[in-house]
Structures are given as structure tokens and as C-alpha cells.
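# Secondary and tertiary structure notes
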Amino acid sequence: QADEEYTAALMSGDEVAMINLLKNTGPVAPALSAPTLSAVMRLLLTLLRNRSYMDIGLQWFEQLLRVRPHALSHELELEILAMIRTIIESPLATAVSAKAKILQTPLHHHWGHKVPL
């Protein structure tokens, strides 16, 4: 059911509906198909680039690491690692930055072993 809801929200192009779904369901990575999960991760990266919904994005990244660490393309994994680095270096988000620091090492272990921290 979650995969259908997320697919419909993504296909609608309604960013507000998608954000509400992200907020209401919390991370549901195990329930999503690989294409839907990739699309959700790309949307989260877009939101994070705009400095929005950082906590939601980090919750999804954390769950992804725990339950489906190899579900994404290597390219998308590297984009997420780069975003984590950006969040850590951001002077604006201290609590979120601390959470990102906690995620950085295990994410790097799974995804970026060939990329320096």
C-alpha cells in the first residue's frame, strides 16, 4: 500500500502532497519498490538542497542504512553522501548537523569506501 501511495504522490507532481506523505508516514523504505525508493530519495535530495526538511531526509537515510543499504544506485548513494557532508558543514543546522555526523561513517562504510570522508 505504501508503494502505491508514494508512486501516486510522485506521479502527481504535487510537492505539498508528497511532503505531507513523508511527514505522515515517516520513513517506509522497506515497503517501497526500488524505483519508488530511488524517486523518493531524489526528491529528498532536492528538498535538502533547498535547506528544507533536513530532519525528514536524515530519518529516511538512517532507515535506508539499517534496512536496505544496497537498494540504490551507486550514483545516488554518492549524492546522499555528498549531501550528508554539506549538512555537516552547514553553520545553520547544528542539531541536524550532529545527526548527520552520526550517519556519515556508517553510510560511508556501506556506500563510499572508495570516496574520502
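Preceding this section is the structure that the text describes.
Procedures and definitions
Note that residues are indexed from 1 along each chain, following the sequence as it is written. Given that the model is predicted, a residue must reach a pLDDT of at least 70 before its local features are reported, and side-chain atom pairs must reach 80 or more before they are shown or counted; all residues, however, enter totals for whole chains, interfaces and linings. Working from all heavy atoms in the structure, the side-chain values ignore hydrogens and water. Orientation is described by lines fitted to C-alpha atoms, with helices fitted over the stretch in contact, and by angles between N-to-C directions that extend from 0 to 180 degrees. By the criteria applied, helices consist of DSSP H or I runs no shorter than four residues and strands consist of E runs no shorter than two, each listed in order from the N terminus. In what follows, roughly perpendicular refers to angles from 65 to 115 degrees, roughly parallel to angles under 35, roughly antiparallel to angles over 145, and oblique to any angle outside these ranges. Any two residues whose heavy atoms approach within 4.5 Å at even a single point are treated as in contact. By nonpolar core we mean a set of buried residues, namely Ala, Val, Leu, Ile, Met, Phe, Trp, Tyr and Cys, connected to one another through side-chain atoms within 4.5 Å. Classification of residues uses two cut-offs on accessible area relative to the type maximum, computed with a 1.4 Å probe and protein chains only: under 20% is buried, over 50% is exposed, and between them is partly exposed. We define a salt bridge as a side-chain nitrogen of Lys or Arg found within 4 Å of a carboxyl oxygen belonging to Asp or Glu. Polar contact is the term for a pair of N or O atoms within 3.5 Å; when the atoms are in protein, one must be able to donate a hydrogen and the other to accept it, and sequence-neighboring residues count only if both atoms are side-chain atoms. Pairing of aromatic rings covers Phe, Tyr and Trp, the last through its six-membered ring, and needs centres within 6.5 Å; plane angles under 30 degrees mean stacked, over 60 mean edge-to-face, and all others mean tilted.

What follows covers the packing of helix α2 (residues 15–25) against helix α3 (residues 34–49). In helix packing, the relevant descriptors are the interaxial angle and the interaxial distance, both defined with respect to the helix axes. Running from amino to carboxyl end, α2 crosses α3 at an angle of 105 degrees, the nearest separation of the two axes being 12 Å. Compared by their axis directions, α2 and α3 come out roughly perpendicular. Here E15, M18, I19 and L22 of α2 come into contact with α3, specifically with V40, L43, L44 and L47.

Inside soluble globular proteins, nonpolar side chains tend to come together where they are buried. Ranked by size, the top nonpolar core spans 38 residues in total, and within it Y6, L22, V40, M41, W60 and F61 carry the most contacts. Element by element, the count of residues in this core is highest for α3, at eight residues.

Between side chains of opposite charge, pairing is possible as soon as their charged atoms come close. Counted according to the given criterion, the structure contains five salt bridges. With a closest N to O distance of 3.9 Å, R42 and E75 form a salt bridge. Of this pair, R42 sits in helix α3 while E75 is found in helix α5 (residues 74–89), placing the two residues 33 residues apart along the sequence. Between D55 and K99 there is a salt bridge; the shortest N-O distance is 3.7 Å. One end of the pair, D55, is in helix α4 (residues 54–67); the other, K99, is in helix α6 (residues 94–111), with 44 residues separating them in the sequence. Residue K99 is classed as partly exposed on the basis of its relative accessible area of 24%. What you see here is one network of salt bridges that share partners, running through R42, R49, E75 and E79.

Below, the discussion takes up the side chain of T36. Residue placement: T36 occurs in helix α3. The class for T36 is buried, based on a relative accessible area of 7%. A polar contact is formed between the side chain of T36 and the side chain of T7, at a distance of 3.1 Å. Looking at T36, its side chain comes within polar contact range of the side chain of S33, at 3.0 Å.

Further remarks concern the packing of aromatic side chains. Under the defined criterion, the tally for this structure stands at one aromatic pair. Ring geometry for Y6 versus W60: centroids 5.7 Å apart, planes at 65 degrees, classification edge-to-face. Note that Y6 is positioned in helix α1 (residues 2–12) and W60 in helix α4, a separation of 54 residues in sequence. Of the two residues, Y6 and W60, neither departs from the other in class, the shared state being buried.

From the geometry alone we can't say anything about function, so treat these as descriptive.
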